[in-house]
Amino acid sequence: MNMKPVFRLSLAASVLALSAGLAQAQDPVKACLITKTDINPFFVKMKEGATAKAQELGVELMTFAGKIDGDHETQQQAVESCISAGVKGIMITASDTKAIVDVLEQAQDNDILVIALDTPLDPIDAADATFATDNFEAGRLVGAWAKGKLGDAAADAKIAFLDLSASAPSVDVLRDQGFMEGFGIDVKDPNVIGDEDDARIVGHEVTSGNEEGGRQAMEALMQMDSGINVIYTINEPAAAGAYEALKSFGKEGDALIVSIDGGCPGVQNVQEGVIGATSQQYPLKMASMGVEAIAAFAKDGTRPATSEGLDFTNTGVNLVTDEPVEGVESISVQEGLDQCWG
C-alpha cells in the first residue's frame, strides 16, 4: 500500500488547521460602546476616550447611541446587534437601567463582558463591572455647597429639582438623593425620587438631560412658585436651560443653580456665574478603562475589580467653584477648565 498520498493529505489538513487557528488568533477583539445620545458633550467625550484606547490596543470598536436621552428601544437593538457581531465586551450608559437588564443577560450568556459606564444598572450587579463617578457623592457635594453658601437662609429655601427622566435611572436617583443629603433634607427611601416631605421642595420636573428640557421644566416649576431660589439640575445642559427660563421671568439673579458634569461649557458657566458650583466627572477615563477591561477579559478572562468599600470602580469627582465654602472640598474654576471635556 502506498502511504505517501495519505501522509500528504494528513499534512495538508494539519497545515489548514494551523492556518485557521492562526487566523482566528489574529482576529481583533471586538467591543461595543452604547451611549444615551451622541449629542451630549459628556457622551461625545466618552466615545473619544473609547475610540482612542481601542486604537491603542487594537480593539475593533463599534459605537451606538439612543436618539434622545431615555431612548431604551434603540439601546436594546444595539445590544442585540453587538451580540450578533460576536463582541467580547459591551460598554453601556443605560437609559432604562432596569429594562435593559434582560437583553444584557443574553449577552453574558454568550460570554460577553458587560460594563456599565457612568450609570449603574438596576441591580448594579447585573453588570460584570461598573466604571462610574460616585454619583451620590457628586450630588452630596453640590447640595452641601448650596447649603453652606446660603448659610442660615437654607432653612427657608425654595428648591426646584430638575431631574432626568420619568424612568428614574440609577444616575438620576443617586444624584438627586445625594443633593438632598448634602443640603440636609430627610431622604426617605434612597431609591425613590419624590417621596420626601420637606416643605422647602417646590417640586420635581424631568428634563431629558438637555437645555430645552431644562428650560421647560424650570418654567413649569416657576409657575408653581416664582420664589424658587435653589435649583438642583441633573446636568449642565439642563442647568443652562433653567437659567434661560429664569431670565424670562427676570429672576436670573435671585436663584442659586448647582449641577453635575464638569464639561467645558458647564465650567465656563460657573466662571460666568450662571452656575454656582458643579461636580466634575471624567467620562474619557471611564471609557478608556472599559476598553482596557474588555481587552484583558478577551486575553485571559480577567474581570475588573471594584474600588475598596464600593460595589463599582470609582473614576473620581471634584466640586468646581470659585466660591468655596467651609467644610466642602473643591477645586477652582481654572483647575476645572484644565480637566474639562466637551
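Before any of the text, the structure's been laid out above.
Note on numbering: residues in each chain are counted from 1, in written sequence order. Note on the predicted model: pLDDT of at least 70 is required for a residue's local features to be given, and 80 or more for side-chain atom pairs to be given and counted; whole-chain, interface and lining totals, by contrast, use all residues. Remark: hydrogens and water are excluded; side-chain values derive from all non-hydrogen atoms of the structure.

1. Focus: the packing of helix H2 (residues 41–57) against helix H10 (residues 283–300)
Orientation is described by lines fitted to C-alpha atoms, with helices fitted over the stretch in contact, and by angles between N-to-C directions that extend from 0 to 180 degrees. Note on conventions: DSSP H or I runs of at least 4 residues are helices, E runs of at least 2 residues are strands, and numbering of each starts at the N terminus. The geometry of H2 relative to H10 is characterised by a closest axis approach of 7 Å and an angle of 35° between their N-to-C directions. The interaxial crossing formed by H2 with H10 has right-handed handedness. Contact residues: Phe42, Lys45, Met46, Gly49, Ala50, Lys53, Ala54 and Leu57 in H2; Pro283, Leu284, Met286, Ala287, Ser288, Val291, Glu292 and Ala295 in H10. Gly counts as polar in this scheme, as do all residues outside two lists: the nonpolar Ala, Val, Leu, Ile, Met, Phe, Trp, Tyr, Cys and Pro, and the charged Asp, Glu, Lys and Arg. Its residues placed into classes, the contact of H2 with H10 shows 11 nonpolar, two polar and three charged. Take the far helix as the reference: if the near one is turned anticlockwise from it by less than a right angle, the crossing is left-handed, and if turned clockwise, right-handed. Contact criterion: two residues are considered in contact whenever any of their non-hydrogen atoms come within 4.5 Å of each other.

2. Looking at helix H3 (residues 72–85)
With 14 residues, H3 extends 20 Å between its outermost C-alpha atoms, agreeing within 8% with the 20 Å of an ideal straight helix rising 1.5 Å per residue. In this scheme, a residue with accessible area under 20% of its type's maximum is buried, one over 50% is exposed, and one in between is partly exposed, where area comes from a 1.4 Å probe on protein chains only. All of the buried residues in H3 are His72, Thr74, Gln75, Ala78, Val79, Cys82 and Ile83. Next to the buried residues of H3 lie strand E1 (30–35), strand E2 (60–65), strand E3 (89–92) and helix H4 (101–109). Expected helix span is taken as 1.5 Å per residue step, with the number of steps being one fewer than the number of residues.

3. Concerning the sheet that holds E1
We call two strands paired when DSSP finds no fewer than two bridges between them. Strand order in the open sheet formed by six strands is E2-E1-E3-E4-E5-E11, and the pairing between neighbours is parallel. At either end of the open sheet lies a strand with only one pairing partner, and these are E2 and strand E11 (313–314). Bridging between strand E5 (residues 129–132) and E11 involves two bridges; their strand directions are parallel. If you follow Phe131 over to E11, its bridge partner there is Thr313. Each of E1, E2 and E3 touches H3; the most contacted strand, E1, lies at about 180° to it.

4. Brief notes about the sheet that holds strand E12 (residues 318–320)
What links the strands of a sheet is backbone hydrogen bonding, and the strands pair in either a parallel or an antiparallel sense. Sheet architecture is open: six strands sit in the order E7-E6-E8-E9-E10-E12, paired in mixed fashion. The strands lining the two open edges of the sheet, one partner per strand, are strand E7 (201–206) and E12. Neighbour-to-neighbour, the strand axes of this sheet turn through a mean angle of 15°, independent of strand direction. As judged from the four bridges shared by strand E9 (residues 256–261) and strand E10 (residues 277–280), these two strands associate in the parallel manner.

5. Description of the side chain of Glu236
With respect to the secondary-structure elements, Glu236 resides in helix H8 (residues 236–248). No salt bridge is formed by the buried Glu236, whose closest oppositely charged neighbour, Arg175, lies at an N-O distance of 8.5 Å. Working convention for charge: Lys and Arg count positive, Asp and Glu count negative, and His plus the chain ends are omitted. The rule for a salt bridge is simple: a side-chain nitrogen of Lys or Arg has to be within 4 Å of a carboxyl oxygen of Asp or Glu.

6. Concerning the state of the cysteines
The term disulfide is used for any two cysteine sulfur atoms that are within 2.5 Å. Tallied over the entire structure, the rule returns two disulfides. The residue that forms a disulfide with Cys32 is Cys82, at a sulfur-sulfur distance of 2.1 Å. Between Cys32 and Cys82, the S-S torsion sits near -105°, and that sign places the bridge as left-handed. Residue Cys32 is located in strand E1, and its partner Cys82 is located in helix H3; the two are separated by 50 residues in the primary sequence. This pair shows no difference in class: Cys32 is buried, exactly as Cys82 is. Assigning the bonded cysteines of the protein chain consecutive numbers by sequence position, one obtains the connectivity 1-2, 3-4.

7. What about the nonpolar core?
Here, nonpolar core refers to any group of buried Ala, Val, Leu, Ile, Met, Phe, Trp, Tyr and Cys residues whose side-chain atoms link them within 4.5 Å. Trp145, Ile159, Phe161, Phe179 and Phe183 are the most contacted members of the largest nonpolar core, which totals 29 residues. At the level of elements, helix H5 (135–150), strand E6 (159–163), helix H6 (170–183), strand E8 (230–233) and E9 are the ones that each hand at least two residues to this core. Broken down by element, this core gets its largest block of residues, six residues, from H5. Counting residues in hydrophobic clusters, the runner-up holds 25 residues, among them Ile231, Leu246, Cys264 and Val267.

8. Brief notes about unusual backbone geometry
Cis geometry marks the peptide bond from Asp122 to Pro123, where omega comes out at 10°. Looking at the element boundaries, Pro123 is found in the loop between strand E4 (113–117) and E5. Positive phi outside glycine occurs at Asp118, with the angle close to 70°. Accessibility expressed as a relative area gives 3% for Asp118, which makes it buried.

9. Focus: the pairing of E9
In terms of burial, E9 is a largely internal element, six of the six residues being buried. Neither face of E9 is left uncovered, since the one carrying Leu256, Val258 and Ile260 and the one carrying Ile257, Ser259 and Asp261 both have all their residues buried. Relative to E9, E8 runs parallel, the two being bridged by three bridges. Counted as the bridge partner of Tyr232 is Val258 from E9. Whether a crossover is right-handed depends on one test, that the path from the first strand over the helix to the second runs clockwise when the strands point away from the viewer. The parallel pair E8 and E9, bridged by H8, forms a crossover whose chirality is right-handed.

10. Describing the pattern of salt bridges
Side chains that carry opposite charge are capable of pairing whenever their charged atoms lie near each other. Considering all chains together, one arrives at 15 salt bridges under this definition. One salt bridge in this structure joins Asp128 and Arg303, with 3.1 Å as the shortest N-O distance. Linking Asp128 in the loop between E4 and E5 with Arg303 in the loop between H10 and E11, this pair joins segments that are 175 residues apart in sequence. Among the ionic pairs, Glu137 bridges to Arg140, the shortest N-O distance being 2.8 Å. Pair noted here: Glu137 and Arg140 are both in helix H5, with a separation of three residues, about one helical turn. The class for Glu137 is partly exposed, based on a relative accessible area of 24%. Salt bridges sharing common partners tie together Lys53, Glu56 and Glu292.

Worth remembering: the numbers are spatial, not functional.
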